[in-house]
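Observations on the model geometry
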Amino acid sequence: MKILYATSEAVPFCKTGGLADVAGSLPAALAAEGAEVAVVLPLYRRVREKFGSQLTFLCYDYVNLGWRHVYCGLFSLEKDGVTWYFLDNEQYFDRPDLYGYMDDGERFGFFSRAVVRMLDHIKFWPDVINCNDWQTALVPIYLKDDGVREDRFRSIRTTLTIHNIEYQGRYNPYILGDLFGLDAGWVEDGTLLMDGDLNLLKGAILCADAVNAVSPTYANELKMSYFAHRMESVMRKCEYKLYGVLNGIDMDRYDPARDPSIAANFSVDDPSGKSADKAHLQRMMGLREEPQVPVVAIVSRLVSHKGLDLICEVLHDMMKLPMQLVVLGKGDKKYEEFFHWAAQQYPGRMAVRLDYNEELSMAIYAGADLFLMPSKSEPCGLSQMIAMRYGTVPIVRETGGLKDTVQPYESWRDAGNGFTFANYASNDMLHVIREAVYLYKDYPDSFSRLRKRAMACDFSWARSAGEYLRIYANVTGQVWPPRETVPAQETASEEVPAPAEAAPVEVPAPAEAAPVEETAPVEETTPAEAAPAETAEKAPAKRKKAAPAKKAPAEKAEPRKRSAKAASGEKKPSALESTGKTAAGETKKKGTAPKKK
């Protein structure tokens with residue numbers, strides 16, 4: 001199976017949030033399962049500065065975006081069994097930051113257009129393109145639009161991963177032609193129209209062959225108005241193709257036993273180095289070195305949906321407890337000013353850094369005792385997984401991926417891997433913080449066992465990668481895992497019964513990748529009732545020998561020939577002229593395929 005993963009950021013090249021961690025880890029996990037994987041992302045200035053010497057220039061071409069005829073360079077890098085492609089245009093991407101510019105719509109419109117038009121120049125023609133959030137939401141739309149005129153694009157299937165539905169890519173509908181080069185019919189039939197705005201994420205949800213949320217609970221929450229940011233009707237309409245797959249983390253990168261960035265290494269079997277990391281953190285942040293007092297940490301973007309309002313309401317009550325507080329992050333000015341002021345009220349007990357520093361964040365994960373995430377909404381969350389990996393017990397609100405990954409501590413049977421509260425209420429949060437602090441101080445043996453259970457949790461990508469591959473197989477019609485190769489002499493003797501024997505292998509595939517569904521009406525469903533993630537996969541049934549897989553359709557062979565031609569440096573006018581005129585008004589959308597989707 002050939003997979004192209006389109007993303008606007010990825011570790012280790014560039015990062016602003018959890019999307020980068022996912023895009024940096026998932027493709028390698030897919031490749032480890034036997035898929036052929038490539039990733040494409042913009043060639044930002046910070047990527048060029050740090051990795052420029054490792055990049056290989058492949059070719060350049062021109063991309064039509066509305067009335068513009070724009071240069072696009074293609075660079076590549078091989079890493080961990082994955083081919084990384086970088087699309088270059090200095091006008092759009094040679095900037096100090098990844099996002100936050102007035103022309104972000106045009107920048108990522110160009111990126112999405114280039115992903116489609118540069119397919120001729122990469123080493124394979126993909127079976128499926130996995131898009132992520134609004135920055136790549138135009139890819140499924142462009143594929144549908146180009147597929148009306150060019151048959152070769154019809155073979156490509158698309159999946160859309162929603163990391164945070166709050167960010168939707170909303171613009172004035174009158175700029176559709178000039179900015180994105182699409183016909184007005186995309187708005188007139190309602191595909192891209194939402195509340196009077198041009199909504200790129202809505203269009204991608206309708207046009208994609210599958211939609212994936214980053215946790216099972218979040219997939220259910222997206223059908224509720226409280227979480228969906230006015231997109232609940234669209235999500236309910238597309239419920240038949242909605243899946244929920246929990247994210248994972250890179251278990252090798254986040255390994256306290258081998259992490260060179262922390263003061264002392266430790267493991268679940270030998271946690272003695274944890275105390276040295278705590279003392280190092282206290283010295284670094286200017287806190288009193290008190291080993292018997294728990295350090296509560298917050299590493300987060302300082303924005304409202306992270307639940308910071310709850311902390312602001314009861315901060316003084318929190319600081320009456322025998323605890324220390326560390327805050328790292330930046331965001332809305334009102335939260336930055338509040339935490340800056342609060343740190344001055346509790347010198348030696350509270351420390352704040354209004355910035356994001358990767359090295360400091362790892363020191364906090366390794367040195368803190370408790371990790372606070374009272375999120376109003378949290379699609380998946382990676383911080384609580386990293387914290388548990390480093391023996392820092394999480395305190396979370398039961399929403400999204402937090403509910404799927406953190407099981408509440410139960411003293412009566414000594415179970416659970418963290419502390420949770422369900423209601424978005426400051427008193428409920430304060431109650432579990434108090435419970436966690438006093439468990440640390442008064443029952444150190446119980447807290448030590450709780451810490452070990454948290455560290456022993458498996459959040460690797462192996463299980464999640466298998467679920468992604470089943471989604472891809474479901475939309476492409478392929479069988480995954482692929483059938484075992486049968487020797488030629490055995491195949492000849494089994495030609496007649498082969499089709500009948502292959503049937504049992506193909507039938508279970510769709511069932512294993514069944515979409516997330518609610519068993520109760522939406523009105524009666526609450527966030528606390530959403531189903532938790534499954535922690536284990538059923539073993540596949542024993543397969544019988546089957547005939548070799550059928551050859552790929554002939555239409556996929558043409559792009560291979562084009563790619564070889566591009567590698568020789570020869571100009572390819574057909575790849576540019578196939579879209580017709582570059583003016584937005586001369587491109588028309590035919591048929592009603594997107595509307596029926």
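Refer to the structure presented above.
Residues numbered from 1 in each chain as written. Predicted model: local features only at pLDDT ≥ 70, side-chain atom pairs only at ≥ 80, totals over all residues. Heavy atoms only, no water.

**Here's the deal with the overall build of the chain**
A count of helices and strands for the chain gives 26 helices and 18 strands. Per-residue burial for the chain yields a buried fraction of 58% across its 597 residues. In the chain, the share of contacts with a sequence separation of at least 24, taken over all contacts with a separation of at least 6, comes to 75%. A total accessible area of about 25,400 Å² is found for the chain, and carbon and sulfur atoms account for 51% of it. (Helix = DSSP H or I, 4+ residues; strand = E, 2+ residues; numbered from the N terminus. Buried < 20%, exposed > 50% of the residue type's maximum accessible area, 1.4 Å probe, protein only. Contact = heavy atoms within 4.5 Å. Areas by Shrake-Rupley, 256 points an atom, 1.4 Å probe, with all protein chains shown as cover.)

**Notes on the sheet that holds strand β6 (residues 128-132)**
Read from one edge to the other, the open sheet built from 9 strands follows the order β3-β4-β5-β2-β1-β6-β7-β11-β12, with strand pairing classed as mixed. Among the strands making up the open sheet, the edge pair consists of β3 (56-65) and β12 (242-244). Each strand of the sheet is rotated relative to its neighbour by a mean of 25°, with strand direction disregarded. Note that β6 and strand β7 (residues 157-162) share 5 bridges and pair parallel. By the bridge assignment for β7, Val128 is matched with Arg157. Set on the sheet, helix α4 (residues 104-117) makes contact with β1 (2-6), β2 (36-42), β3, β4 (68-79) and β5 (82-88); between it and β3 the angle comes to about 110°. (Pairing = 2+ DSSP bridges. Axes fitted to C-alpha atoms, helices over the stretch in contact; angles between N-to-C directions.)

**Considering the pairing of strand β16 (residues 370-373)**
Burial along β16 is two-sided: Leu370 and Leu372 facing one way and Phe371 and Met373 facing the other are all buried. Pairing analysis gives 2 bridges linking strand β13 (residues 295-299) to β16, with the strands arranged parallel. Note on β16: the bridge partner recorded for Val296 is Leu370. The pairing of β16 with strand β17 (residues 393-397) spans 4 bridges and is parallel. Directly across from Met373, in β17, lies its bridge partner Val396.

**Side note on the nonpolar core**
Soluble globular proteins: nonpolar side chains tend toward being buried together. Within the largest apolar cluster, 145 residues are counted, with the highest numbers of intra-cluster contacts made by Phe86, Phe180 and Ile205. With 8 residues, helix α20 (residues 461-476) is the single largest residue contributor to this core. Those residues in contact with Ile205, other than ones at most four positions away along the chain, are Leu160, Ile162, Val211, Met231, Val234, Met235, Cys238 and Lys241. Among the nonpolar cores identified, the runner-up in size contains 39 residues, and Val296, Ile311, Tyr335 and Leu430 belong to it. (Core = buried A, V, L, I, M, F, W, Y, C linked by side-chain atoms within 4.5 Å.)

**What about the environment of Tyr142?**
Structurally, Tyr142 can be placed in helix α5 (residues 138-147). Spatially, the C-alpha atom of Tyr142 lies 9.6 Å from that of Gly181, the residues being 39 residues apart in sequence. In this structure, Tyr142 is in contact with Leu65, Gly109, Ser112, Arg113, Val116, Phe180 and Leu182, ignoring residues within four places of it in sequence.

**Considering unusual backbone geometry**
Going from Val11 to Pro12, the amide bond is cis rather than trans, its omega being 5°. Structurally, the position occupied by Pro12 is in the loop between β1 and α1 (18-32). The omega torsion of the bond from Trp480 to Pro481 falls at 0°, within 30 degrees of zero and hence cis. If you check the backbone angles, Asp80 has positive phi at about 55° while not being a glycine. By the element assignment, Asp80 lies in the loop between β4 and β5. Accessibility expressed as a relative area gives 56% for Asp80, which makes it exposed. The phi dihedral of Asp195 is positive, around 55°, even though this residue is not glycine.

**Details of the packing of aromatic side chains**
On inspection of all chains with the given rule, the structure shows 23 aromatic pairs. Judged by centre distance (6.0 Å) and plane angle (85°), the ring pair of Tyr60 and Tyr62 falls under edge-to-face. Classification of Tyr60 as partly exposed rests on a relative accessible area of 44%. Since its relative accessible area comes to 29%, Tyr62 is described here as partly exposed. Members of the aromatic cluster, connected to one another through ring pairs, are Tyr99, Phe108, Trp134, Tyr171 and Phe180. It is Arg95 that lies over the ring of Tyr101; its NZ or CZ is 4.9 Å from the centre. (Phe/Tyr/Trp six-rings, centres within 6.5 Å; stacked < 30°, edge-to-face > 60°. Lys NZ or Arg CZ within 6 Å of the ring centre and 35° of its normal.)

**Looking at the side chain of Lys202**
Tracing the sequence through the fold places Lys202 in helix α8 (residues 200-207). Buried and unpaired, Lys202 has Asp189 as its nearest opposite-charge partner, separated by 7.8 Å. Ignoring anything within four residues of it in the chain, the contact list for Lys202 reads Gly190, Thr191, Leu193, Met194, Met231 and Val234. (Lys, Arg positive; Asp, Glu negative; His and termini not counted. Salt bridge = Lys/Arg side-chain N within 4 Å of Asp/Glu carboxyl O.)

**Examining the packing of helix α18 (residues 426-442) against helix α19 (residues 444-455)**
Relative orientation of the contacting elements α18 and α19 amounts to 115°, with a least axis distance of 5 Å. Judged by the angle between their axes, α18 and α19 are roughly perpendicular. For the pair formed by α18 and α19, the contact residues are Ala436, Leu439, Tyr440, Lys441 and Asp442 on the first element and Pro444, Ser446, Phe447, Leu450 and Arg451 on the second. In the contact of α18 with α19, the residues fall into 6 nonpolar, 1 polar and 3 charged. (Parallel < 35°, antiparallel > 145°, perpendicular 65-115°, else oblique. Nonpolar A, V, L, I, M, F, W, Y, C, P; charged D, E, K, R; others polar.)

**Description of the side chain of Ser215**
The topology assignment puts Ser215 in the loop between β11 (210-213) and α9 (216-221). Here the side chain of Ser215 touches Gly401 through a polar contact of 3.4 Å, landing on its backbone nitrogen. Contacts of Ser215, omitting those with residues within four sequence positions, involve Gly244, Val245, Leu246, Pro379, Cys380, Gly400, Gly401 and Asp404. (Polar contact = N/O pair within 3.5 Å; in protein donor to acceptor, adjacent residues only side chain to side chain.)

**Notes on the environment of Lys330**
With respect to the helices, strands and loops of the structure, Lys330 is situated in the loop between β14 (324-328) and α14 (333-345). On the basis of relative accessible area, Lys330 is assigned to the partly exposed category, the value being 48%. For the pair formed by Lys330 and Asp355, sequence separation is 25 residues and the distance between their alpha carbons is 5.1 Å. In this view, Lys330 contacts Ser300, Arg301, Leu302, Glu336, Leu354 and Asp355; residues no more than four positions away in its chain are not counted.

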